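Survey of secondary and tertiary structure
What follows is the residue order along each chain.
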Amino acid sequence: MPSPQIDEAELHELVPATTVGILLRSVTKKYGSFTAVENINLEIPPGSYCCLLGPSGCGKTTTMRMIAGHEDITSGDIYIGDLRVNDLPPTKRSTSMMFQSYALFPHKTVWDNVDFGLKMKGISKAEREHRVSEMLEIVGLSSFARRKPAQLSGGQQQRVALARALVTRPQVLLLDEPLSALDENLRIKTRTELRRLQKQFGMTFIQVTHNHDEAYSLSDQIVVMDHGRIDQVGTPQEIFAKPISQFVARFTGDNNIFMGKVISVVQNGQNYLVQLNVPDLGSFFCQGDYAQVEANAACTIRADRVHLTPLEVASSVTESNHNQVTARIVAIEFTGYITRATLALERTGQEILYKARTSDWMEQPFNEGQVVNVTWAAEDCIFLSH
Ligand SMILES: Nc1ncnc2c1ncn2[C@@H]1O[C@H](COP(=O)(O)OP(=O)(O)OP(=O)(O)O)[C@@H](O)[C@H]1O
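Description of the structure in this document. Note that the structure is predicted; figures quoted are calculated from it, not measured.

**Digging into the overall build of the protein**
Each helix and strand in the protein was counted, giving eleven helices and 20 strands. Counting only C-alpha atoms, the protein reaches 80 × 45 × 40 Å along its principal axes. Of the roughly 18,200 Å² that the protein leaves accessible, carbon and sulfur atoms contribute 48%. The centroid of the 37 positive side-chain charges in the protein is displaced by 8 Å from the centroid of its 43 negative side-chain charges.

**Some thoughts on the sheet that holds strand β7 (residues 172–176)**
An order of β6-β7-β8-β3-β9-β10 is seen for the six strands of this open sheet, with the pairing classed as mixed. Since the sheet does not close on itself, it has two edges, and those belong to β6 (95–98) and β10 (229–234), each with one partner. Taking each pair of neighbouring strands and ignoring which way they run, the sheet shows an average axis angle of 20°. Relative to β10, strand β9 (residues 221–226) is paired through five bridges, and the arrangement is antiparallel. When the bridges of β10 are listed, M225 appears paired with I230.

**As for helix α6 (residues 184–201)**
The terminal C-alpha atoms of α6 lie 26 Å apart, and with 18 residues this matches the ideal 26 Å at 1.5 Å per residue to within 8%. Along α6, the residues classified as buried are R187, T190, R191, E193, L194, R195, L197, Q198 and F201. One or two positions beyond α6, positive phi appears at G202, with a value near 70°.

**So, the packing of helix α3 (residues 110–120) against helix α5 (residues 154–166)**
α5 packs onto α3 with a crossing angle of 25° between their chain directions and a minimal axis gap of 7 Å. Viewed along their axes, α3 and α5 adopt a mutual orientation that is roughly parallel. The hand of the α3/α5 crossing is right-handed. Of the residues in α5, those in contact with V110, N113 and V114 of α3 are V160, A163 and R164. Residue classes in the contact of α3 with α5 are distributed as four nonpolar, one polar and one charged.

**So, the site of the ligand**
Around the ligand, the neighbouring residues are Y31, F34, A36, P55, S56, G57, C58, G59, K60, T61 and T62. K60 is positioned such that a nitrogen or oxygen atom in its side chain is 2.8 Å from an oxygen atom of the ligand. Among the elements that take part in the shell around the ligand, helix α2 (residues 60–68) stands out by supplying three residues, more than any other. In terms of residue class, the shell around the ligand is made up of five nonpolar, five polar and one charged.

**Section: the nonpolar core**
Nonpolar side chains in soluble globular proteins generally cluster together in the buried interior. If you look at the biggest cluster of nonpolar residues, it comprises 45 residues, and the most contacted ones within it are L136, L162, L166, L173, L175, L194 and F205. Looking at this core, the element that brings in the most residues is α5, giving six residues. Aside from chain neighbours lying at most four places away, what touches F205 is S48, Y49, C50, L166, L173, L175, L194 and Q198. Of all hydrophobic cores here, the second largest spans 30 residues; its members include C286, I301, V306 and L343.

**Points about the layout of surface pockets**
To find leftover empty space, a probe the size of one water molecule is rolled over the atoms. Of the pockets and cavities examined, the largest pocket occupies roughly 690 Å³. If you go around the largest pocket, you meet 24 residues; those closest to its centre are T95, S96, M97, G117 and T168. Elements supplying a minimum of two residues to the lining of the largest pocket: β6, α3 and α5. Broken down by element, the residue count for the lining of the largest pocket peaks at four residues, all from β6. Here the lining of the largest pocket is built from residues that sort into 13 nonpolar, eight polar and three charged. Space inside the second largest pocket adds up to approximately 310 Å³.

**Digging into the sheet that holds strand β4 (residues 75–80)**
On the basis of which strands lie adjacent, the open sheet formed by four strands has the order β2-β1-β4-β5 and antiparallel pairing. The open sheet has two free edges, formed respectively by β2 (34–44) and β5 (83–84), since each of these has just one partner strand. Against the sheet, α2 makes contact with β1 (22–31), β2 and β4, and its axis sits at roughly 115° relative to β1, the strand it touches most.

The rules behind these values
Residues numbered from 1 in each chain as written. Predicted model: local features only at pLDDT ≥ 70, side-chain atom pairs only at ≥ 80, totals over all residues. Heavy atoms only, no water. Helix = DSSP H or I, 4+ residues; strand = E, 2+ residues; numbered from the N terminus. Areas by Shrake-Rupley, 256 points an atom, 1.4 Å probe, with all protein chains shown as cover. Lys, Arg positive; Asp, Glu negative; His and termini not counted. Charge placed at Lys NZ, Arg CZ, Asp CG, Glu CD. Pairing = 2+ DSSP bridges. Axes fitted to C-alpha atoms, helices over the stretch in contact; angles between N-to-C directions. Expected span 1.5 Å × (residues − 1). Buried < 20%, exposed > 50% of the residue type's maximum accessible area, 1.4 Å probe, protein only. Parallel < 35°, antiparallel > 145°, perpendicular 65-115°, else oblique. Left-handed = near helix turned anticlockwise from the far one by under 90°. Contact = heavy atoms within 4.5 Å. Nonpolar A, V, L, I, M, F, W, Y, C, P; charged D, E, K, R; others polar. Near = heavy atom within 4 Å. Polar contact = N/O pair within 3.5 Å; in protein donor to acceptor, adjacent residues only side chain to side chain. Core = buried A, V, L, I, M, F, W, Y, C linked by side-chain atoms within 4.5 Å. 1 Å grid on protein atoms, 1.4 Å probe; cavity = no way out; pocket = protein on both sides within 12 Å on 5 of 7 lines; lining within 4 Å. Points joined across faces, edges and corners; volume = space filled by probe spheres on them.

In structure tokens form, the structure reads like this:
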């Protein structure tokens, strides 16, 4: 998608006059006796890029559809800016939704697809022509205006859908898995463009995705959902570095999780040093905000914070490191910049994942079948209370 040729003054015309945030207060959605979204509270700051992230069926799309007004809410309140929108139809909410399937009209040209929403709003022909032409320029499709959707690539169709959603100047753009139909290369390129457009327009974007890489690269705010509830809200850096639950740790990255029982908690500066007894593996030390002795809990260590050492040099390493296990390397996978190794713990068979930059791996490569010491520092290991 080429960079737009629009100057600052023209852009002011394209951007809505105000940027608004979203507030969800105790929002629940039930389908009969089934609760799809349960009592969620969420504040999305004005002008931010927010991703709703979670596995299939966790309630992401339902949440977005309730914000758009395509789904009634069972209880609670939704505010767009200062306006309580519970009873407003979608057309009165200053939102625009871009669907996963793009939902383009197959028999209309690119121009007419983008023009459609403006026509429905009764905007004059001259104004419509001005806006459609500007928007097609922004998404780099001016020369495709007379084509029909079937004559476009997937990426171009995606840009038509985006142009159609943006042309009505919504205050909030809602995107339902907008990149899922694109191939890997185009997906990465397009997400950069989406982020650029969002920054340029300064409007609030809310996107549904089940892909954590996508959420990390796009968002100011990530909302991790599970079974109709919000598990964690945070910046990509917070979610990556400090997941708060086993679910978030599993869903958002290559984290190794150990379950056990808390046997001691010692204050350590702002945090607590937690000692967890993991059956058959012994004591692991980790960092937590709070932990209760005797509680069943878990800890997580990222695949890139694990260290491997040959068995014969292990003793010197372990003195300064509380956590150590022995494991056999069962698979090594070269993925370009990163090399991944899967190991099986000698005592329990639990699999753990190790990731290193390939250049580091090359300095001390290990072999499949080799038994090694696996160590990690307590400060890299995060306590998970649930
Ligand atoms: N109209 C409906 N009637 C009954 N149940 C529904 C309806 N729409 C959604 N659900 C259920 O609500 C739950 C949440 O659905 P939702 O579409 O919000 O999930 P999602 O997280 O967006 O999943 P996906 O990533 O697969 O789209 C699912 O269990 C789904 O089956």
